[in-house]
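Examination of the molecular architecture
Chain by chain, the residues run as shown.
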Amino acid sequence: MAVMERLEFRLLTDGSSDAVLIHPITWILQQHFRFAINGTWADLRRLPNPPKDLRGRIEAALDFYPCDVLFIHRDAEGESLEGRVAEIEDAVVGLSDPQVPVVPVRMQEAWFLIDEPALRCAAGNPRSGVSLTMPAIDTLEQIPDPKRMLYDLLLKASELTGRKRKKFNPGRQVRRLGELIEDYSPLRRLTAFRHAENETLTTLRDCLDAVPTIDRRRKQ
């Protein structure tokens, strides 16, 4: 087994708001490996002509954001988990760089509806006494619009009124929520999260077994 001191991963997402998935991915890695972990979002918006197709986006991410492992996010959004994973697998055919598909069922926001105290803190009102109806973990993959539910809960927890309520930015608070959640283990009850964790372990263990150290392919 190879010994390494640091893992650099990149996350390629459907949109900028999905970059918050760095936090559950980091949590997964921390549960199974002892080396230092650093993850960043592969922001393709900085490119003069960002590619639109999935294969082109993956190649651009690997080119401009060299890493040990690339996590590739797609929301299911009506497609099956298996269908989205197959789409990613088809897009990476012939690429030697390690990749892991991350496919939350429906939308990634469902993965952040698991921690009421953290949600209240993210809303800027940790001592809020307002009643919040948090969904049961087992129902997260059946919520029609988890993004709307999460935004509504954050706004309600904030207890803001008037002008401050109008200025409330739930997208920003979701990013904060991702940082505040310390334990993502409840998500192991979800098929999509278990798949992401299993794929992460398989990919990393194969890499560690295959070479003395992972080639980070850093650009000098």
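Here's what I pulled together on the structure shown here. If you're wondering where the values come from, they're calculated on a predicted model, not measured in any experiment. (Residues numbered from 1 in each chain as written. Predicted model: local features only at pLDDT ≥ 70, side-chain atom pairs only at ≥ 80, totals over all residues. Heavy atoms only, no water.)

Description of the sheet that holds strand E3 (residues 69-73)
To keep things clear, this is the line we draw: When DSSP finds two or more bridges between a pair of strands, those strands are recorded as paired. Note on conventions: DSSP H or I runs of at least 4 residues are helices, E runs of at least 2 residues are strands, and numbering of each starts at the N terminus. Axis geometry follows a simple rule: fit a line to the C-alpha atoms, using only the stretch in contact for helices, then measure angles between N-to-C directions, giving values from 0 to 180 degrees. Two residues qualify as a contact provided that any one of their heavy atoms is within 4.5 Å of a heavy atom in the partner residue.
The four strands lie next to each other as E2-E1-E3-E4, forming an open sheet whose pairing is parallel. The open sheet has two edge strands with one neighbour each: strand E2 (36-41) and strand E4 (99-102). Going across the sheet, the axis of each strand differs from the next one's by a mean of 25 degrees, ignoring polarity. Here six bridges tie strand E1 (residues 6-12) to E2, and the two strands are oriented parallel to one another. Among the inter-strand pairings, Phe9 is bridged to a residue of E2, identified as Gly39. Relative to the sheet, helix H1 (residues 22-32) contacts E1, E2, E3 and E4, its axis offset from that of E1 by approximately 150 degrees.

Some words on the pairing of E1
Condition: The rule is simple: take the accessible area with a 1.4 Å probe, protein chains only, and divide by the maximum for that residue type; under 20% is buried, over 50% is exposed, in between is partly exposed. Orient the strands so they point away from the viewer; a crossover is then right-handed if the path from the first strand over the helix to the second runs clockwise.
With six of its seven residues buried, E1 lies for the most part within the structure. Tracing the backbone out of E1, into H1 and back to the parallel element E2 gives a crossover that is right-handed.

Points about helix H5 (residues 146-158)
As a reminder, the rule being used: Expected helix span is given by 1.5 Å per residue-to-residue step, counting one fewer step than there are residues. Each C-beta atom gives one direction from the helix axis, and the arc is the one those directions make.
End to end, H5 covers 18 Å across 13 residues, agreeing with the expected 18 Å (1.5 Å per residue, within 8%). Within the sequence span of H5, burial applies to Pro146, Leu150, Tyr151, Leu153, Leu154, Ala157 and Ser158. Buried residues in H5, looked at end-on, bunch into an arc of 160 degrees, giving them a common side. On its buried side, H5 packs onto helix H4 (116-122) and helix H7 (170-180). Following H5 by one or two positions, Glu159 adopts a phi angle in the positive range, close to 55 degrees.

The values are spatial; any link to function lies outside them.
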